[in-house]
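Residues per chain are reported as follows:
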Amino acid sequence: QEGQPTQDLMSRFSNPSIQQDLTRAPWAAVTAQREVFAWLTWSPPALSPVYRTMHKYFPGALPGQAVHERLVKVLDRYGFNNDNTIMGTSVCPDEINNDPTDLPVLMQDYWGEV
């Protein structure tokens, strides 16, 4: 579209009639967070059977990427970094925890191998 006027497409992605006021509906913030995680492909879509089953048996479960980012921010406040910290985990070593986006792999990539 070089040379063409810029088009604002944001209006196509929002619908004011269904937007949630987070100040009036505090639970909506959790729903919004879950939608963002699904959009980032960090978790299944919030209305999917997989998502409903996961939160039925693991209420409040968070994606590994979200946990890792929160962990890094908290530990950074106390001076922890990959130079002065040895990472240790206690998770099942099966292949289920060894995908590149799984928490143990994210932590190992960030904190380094022992």
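Remember, it's a predicted structure, so these values are computed and weren't measured experimentally.

Calculation criteria
- For every chain, the first residue of the written sequence is number 1, and numbering continues from 1 along that sequence.
- It should be noted that, the model being predicted, local features are given only for residues of pLDDT at least 70 and side-chain atom pairs only at 80 or more, the latter also being counted only at that level, while totals for whole chains, interfaces and linings use all residues.
- Hydrogens are left out, water is left out, and the side-chain values use all remaining heavy atoms of the structure.
- Each helix corresponds to a stretch of at least 4 residues labelled H or I by DSSP, and each strand to a stretch of at least 2 residues labelled E; elements are numbered beginning at the N terminus.
- Contacts are assigned to residue pairs that have any heavy atoms within 4.5 Å of one another.
- When accessible area is computed with a 1.4 Å probe and restricted to protein chains, residues below 20% of their type maximum are described as buried, those above 50% as exposed, and intermediate ones as partly exposed.
- Just so you know, the count uses Lys and Arg for positive and Asp and Glu for negative, and it drops His and the chain ends.
- What counts as a salt bridge is simple: a side-chain nitrogen of Lys or Arg found within 4 Å of a carboxyl oxygen of Asp or Glu.
- By the criterion applied in these results, polar contacts are pairs of N or O atoms within 3.5 Å in which, for protein atoms, one can donate a hydrogen and the other can accept it, and in which residues neighboring in sequence qualify only through two side-chain atoms.

Student: What's the story with the side chain of Ser 43 in this structure? I'm lost.
Tutor: When you line up the elements, Ser 43 lands in the loop between helix H1 (27–39) and helix H2 (49–57). Setting aside its immediate chain neighbours within four residues, Ser 43 contacts Arg 34, Phe 37, Ala 38 and Pro 63.

Student: Would you explain the side chain of Asp 102 in this entry?
Tutor: As for its placement among the helices and strands, Asp 102 is situated in the loop between helix H3 (64–77) and helix H4 (103–111). Here Asp 102 sits buried without a salt bridge, and the closest side chain of opposite charge, Arg 70, lies 17 Å off (N-O distance). For Asp 102, the side chain forms a polar contact with the main-chain nitrogen of Asp 99, separated by 3.0 Å. Ignoring sequence-local partners within four residues, the contact set of Asp 102 consists of Ile 96 and Asn 97.

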